[in-house]
Amino acid sequence: MTKEIRFTLNILSTALKVFGVMLMPSVLLSLRYSAYPCATTMFILGICTATSGLIISRLIHNDGTQVSSRVYFSTMLVTWFTLILLSAIPFYLSGQGYRFVDTLFEATAAWTTTGASVIKMYDLPVGLLLWRSTLNWMGGIGMLILTLTILRTWQFVGRPLMKLEVPGPGFIKSETTFRKGFRLVLLIYCLLTLMQYAALRLAGMPRLSALLTSMSNLSTSGLQHMHPEVVIGLSTPIKAIITLFAFFGSINTSTFILLMMRKWYILRNASELKFRVCEILLTTLMITIALLWTGRGLPVLQTLGNSLMQVVSFTSTAGYRISDSSAWPYVCKMLLFLEVFIGASAVSTGGGIKSARAILAIKTISYSLYRHIHPRSIRSITYAGKPIKPIVVLRANLYITLFFIVFIFGALFLSLDTNVPSALGLSQAMITNTGTSVFGISGLHEGTLTGFSDGGKLLMTLLMLLGRLEIFPILVLFSRSFWRKDQKTGE
Amino acid sequence: MGKRVIGFFGIFLRLIGFSMLLPLVTALAYREYSSARAFVVAIVISLTPSILIVLSQKHSVNEAPLKMRDSYFIVAMAWIMASLLSAIPFLLVGSIANPIEAFFEMCSGYSTTGSTILTSVEELPRSLLLWRSETQWLGGMGIIVLVVAFLPDFGIKARTVASAETPGPTVTKLTSRFTGTAQRLYLLYLAFTLTLMTLLMFGGMSLYDALNHAFTTMATGGFSTYNDSIAHFHSPYITWVITVFMIIAGTNFNLFFDAAISGLRKMLADQELQLYLFLLGTVTALVTVNLLQHGEHGLFDTVTDAAFQVVTIITTTGFATADFDLWPAFSKMLLVLLMITGACSSSTAGGVKLVRVVTIFKMLRREVRMRLHDNIVDDVKLNHEKLGGETLTYIGSFVIVYISTLVVGIVLVSFGGSGDFVTDFTAVLTCISNVGPGLAKVGPTQNFHFYNDFAKFVLALIMVAGRLELTTFLILFSRHYWNPHKTYKH
């Protein structure tokens, strides 16, 4: 057994252990609601995965040596694909008669924190609902981080894997060691979830609902477990809490790390945080003005609140409809539609291009105009007060370009199934992991995408994965050198 | 320096004035006296300042040469000025009463876009229609290139100015002096136009129609003298002749010289051309299959329609033989894709240009390799030549500027009153890539008339910006441009 395979198996076995343990709450809940068949399948699955994880980790001995990036990529892909397939099993065997493609879509949507469904989520048995929310929660923080935090030999291997896993370019390096950073991220994530649960309970939400909401909302997955009309009918304090935590989920985690370490002074330079706040406030203001202008007869404060909640929902790529935004003026929707592309911050649970890259893109434009006027200048682009290498800027720009290429091609192939506007909207919804489109999608049946062919559903599954893993890890599958064995160098 | 700029505009105005002689003659030939009067007025307006400038500027040869920034200013201003002056006859005759609409129409002309606000083209006097087509022909190869090719040297570095106007990231020098290159390009352009005109007349077109369509085909413009465009002629011969010449117009013109000097094999070795031909073939095949699936009858007719529409969109011409807005969604999306890519650099087409598309894909391939192997050193090569980091950065930034212009354009145009996402998206896309028709309310059988003045004005500027490769035009809106001594800060 080569060290590459040992490495992969080591990560995978730990992932399986965590997976098995995370299934247990759903089993207990199913038992509580006397959904025995459901509980049995999940229990058996959980025991199987956990024991196989244990056995594998007993059998192999990992010395934590360095392996090449190729192995990191394959490890991540193997882990993701295995977990997604395993997560689909409880849905498939739930006795509700779901087709395999549908359950696969569902599992992927949950893992990638996309708020889209092909089956009516809110009609699911309680155990499965919790399972889906758990998947959302784990998908948000990234299974690998979860795995790595409790892995024995992670300190040697963590950094490159984390780079692949955490969405976004991650420019703000937190002022801490890597090991501490991991633990802190997990701690912050759990704390935020608990705080949200407590807040929702205080605001009067039922226990189960609060649990599901706090798990799905912090991971910016949307509120798929509730009927769309229930979401609109929620009370204002609950809506405000949901909005606040969706916002927390969509900002750079290093913000919280710095806060916890009481290093406020660094936050002054947090370009992404400033960008996010400005973006949200400006958009809200514009939309409020437009809404008041068109005279929809609501008080100013309420309009402001409604548009703020909706703007946060879409720009954090959570994608729930918390107010009646389908009746908004066209211009507002257009603005929001384009902002969904930018999406959340780097190192957050949200999707999209990420605001760090958007900031770089804006600077690129300004810089390229400047270079045309002063061709011999040697200044470089700065980010958060520090100069950045041209290759980093170029790579960020390339990513944005690739994002649009995937978006257009996604829409191209989805158009085999639907009309042009829906194809564009759906492609955006999937690749940004939002799950819904501001403009609405035709063929949507009570919030679920039932009217699509298997090919279309599989394509959407792929798009969700591409968006969540930031395209390149999937793209390497098509590279010849990925499949070729590493050549031995002199080192 | 200021005198040189003024001197340039003197020559430039003379060019615009003289180019109006052709429609003037046409007006007299067809006895359209009110248009003739309008053209005379427009010629006088253009030539008077020109003559004044020439008279006042006799001894100004030893001026400082122009800086880079000034050449951008000259080019952008020249294009706007050309559009304004050329709009005068339309306003005087009253065919287009709204000045903004006239400006839109002429921007669409010079930028070889081919979008129109006219609900019925056939109602216009024939001389005005010819003028409309002629502006596309002038804009196709570049008005500034025309000036530097055939007018006396006046101290501007011809290549610098021309590079601000020529499609594509690089300007190839074929001869030792750039002026020589420009002359050759224009002569080739003229030769193709005349050949096409002759071939069209063999197909039964009148001299007038043939001239109009030859102008707009070679310029990849897309204005027609009929409401139903090329479909009016119901002739497969004309359709195919125009298809072939659109393909030629979308090819890098320098390659024809390459072919003449070193043979066809050299020409076909060009990677941009290979992608161009590959796209033409595949997309036509895909559209044909898609159309046949959706109940289109007759293989030959379907192939003809598919090939014509694919070619007309990828070369950013924008003629119509079929209402592709009624086609299945997959075909429409394919056309949208082609609107973005456009055809080859140094042709008369618009869009991102295939040379950039090729480079972007090569960069992406390098990126994947860089991520897979930590310490890899990998060059991006185009036609077996290594591309420098500077070029790659420029190409990367160009795409970002393109996407951003598109996005900002969509937001602005959404105030235009269409109320439909696909309409606004394709309207801005079609203008920035200089194609012509879009989808939905701006589809091939529709026009841009319903937009409000604000949206029309924005779209007109986007067309010019798209034709001038964005940066040349957008620089005028940069604060760095207007504050030359201010230091650069972020």
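Residues numbered from 1 in each chain as written. Chains lettered and ligands numbered in written order. Predicted model: local features only at pLDDT ≥ 70, side-chain atom pairs only at ≥ 80, totals over all residues. Heavy atoms only, no water.

1. Points about the interface of chain A and chain B
The extent of an interface is frequently quoted as the accessible surface area lost upon association of the parts. Quick reminder of the rule: The contact criterion used is simple: two residues touch if any of their non-hydrogen atoms lie within 4.5 Å. The term buried area refers to how much accessible surface (probe radius 1.4 Å) is lost by two components on association, counted for both of them together. We define a salt bridge as a side-chain nitrogen of Lys or Arg found within 4 Å of a carboxyl oxygen belonging to Asp or Glu. Here a polar contact is recorded for every N or O atom pair within 3.5 Å, except that within protein the pair must consist of a potential hydrogen donor and a potential acceptor, and residues adjacent in sequence are included only if both atoms are side-chain atoms. Under the DSSP-based scheme used, a helix requires at least four consecutive residues in state H or I and a strand at least two consecutive residues in state E, with every element numbered from the N terminus.
The interface is formed by 54 residues belonging to chain A together with 58 residues belonging to chain B. Together chain A and chain B conceal approximately 5,300 Å² of surface at their shared face, both sides included; 77% is due to carbon and sulfur atoms. There are 2 salt bridges connecting chain A and chain B. Where chain A packs against chain B, one counts 6 residue pairs in polar contact (both at pLDDT 80 or more). For the side of chain A that touches chain B, the secondary structure elements donating two or more residues are helix H3 (69–92), helix H16 (330–342), helix H17 (355–373), helix H18 (390–414), helix H19 (420–431), helix H21 (472–475) and helix H22 (480–483) of chain A. With 15 residues, the single largest contributor to the side of chain A that touches chain B is H18 of chain A.

2. Some words on unusual backbone geometry
A positive phi angle, close to 90°, is found at Lys354 of chain A, a residue other than glycine. For Ser346 of chain B, which is not glycine, the phi torsion reads 55° and is therefore positive. Residue position: Ser346 of chain B is located in the loop between helix H16 (329–341) and helix H17 (354–372).

3. Observations regarding the environment of Leu337 of chain B
For the record, the criterion: For every residue, the accessible area obtained with a 1.4 Å probe (protein chains only) is divided by the maximum for its type, and the residue is called buried under 20%, exposed over 50%, and partly exposed between those limits.
Structurally, Leu337 of chain B can be placed in helix H16. Accessibility expressed as a relative area gives 15% for Leu337 of chain B, which makes it buried.

4. Regarding the pattern of salt bridges
Going through the model one piece at a time under the given rule, you end up with 15 salt bridges over all chains. A salt bridge links Arg357 of chain A to Glu470 of chain A, with the nearest nitrogen and oxygen atoms 2.9 Å apart. Linking Arg357 of chain A in helix H17 with Glu470 of chain A in the loop between helix H20 (454–468) and H21, this pair joins segments that are 113 residues apart in sequence. Overall, the relative accessible area of 8% leaves Glu470 of chain A in the buried class. In this structure, the salt-bridge partner of Glu390 of chain B is Arg371 of chain A, at a minimum N-O distance of 2.6 Å. Of the two residues, Glu390 of chain B sits in helix H18 (residues 389–413) while Arg371 of chain A sits in helix H17, which places them in two different chains. Among the residues examined, Glu390 of chain B registers a relative accessible area of 42% and is labelled partly exposed. Several salt bridges converge on common partners, so that one network encompasses Lys354, Arg357 and Glu470 of chain A.

5. Notes on the environment of Thr288 of chain A
Residues and elements named next belong to chain A. Structurally, Thr288 can be placed in helix H14 (residues 271–293). Note: C-alpha distance between Thr288 and Thr255 (33 residues apart in sequence) is 29 Å. In this structure, Thr288 is in contact with Thr303, Leu304 and Ser307, ignoring residues within four places of it in sequence. One polar contact links Thr288 to Ser307, side chain to side chain, over a distance of 3.1 Å.

6. What about helix H11 (residues 236–249) of chain B?
Convention followed: A helix's residues, less one, multiplied by 1.5 Å, set its expected span.
Between its first and last C-alpha, H11 of chain B extends 20 Å over 14 residues, near the 20 Å set by a 1.5 Å rise per residue. Listing the buried residues of H11 of chain B in full gives Ile238, Thr239, Val241, Ile242, Thr243, Phe245, Met246, Ile248 and Ala249 of chain B.

7. Concerning a nonpolar patch on the surface
All names here are of chain A. Here is the rule we go by: Nonpolar side chains (Val, Leu, Ile, Met, Phe, Trp, Tyr) are joined into patches within 5 Å and like charges within 9 Å, using only residues with over 30% relative accessible area and no salt bridge. Throughout, the Shrake-Rupley method with a 1.4 Å probe supplies accessible areas, and for residues the shown protein chains are the sole cover considered.
Together, Leu285, Ile289, Trp293, Leu301 and Leu304 make up an exposed nonpolar region whose accessible area comes to about 610 Å². Of all the secondary-structure elements, those providing two or more residues to the nonpolar patch are H14 and helix H15 (300–315). By residue number, the principal contributor to the nonpolar patch is H14, which donates 3 residues. Relative to the assigned elements, Trp293 resides in helix H14. Take Trp293: its relative accessible area is 75%, and that puts it in the exposed class.

8. Comments concerning the confidence of the model for chain A
Defined as follows: A score from 0 to 100, pLDDT tells how confident the predictor is in each residue.
For chain A, the mean per-residue pLDDT works out to 83, and 88% of the residues sit at or above 70. In this model, residues 167–172 of chain A is a region of pLDDT below 50 whose contacts with residues beyond four sequence positions or in other chains number 26 contacts.

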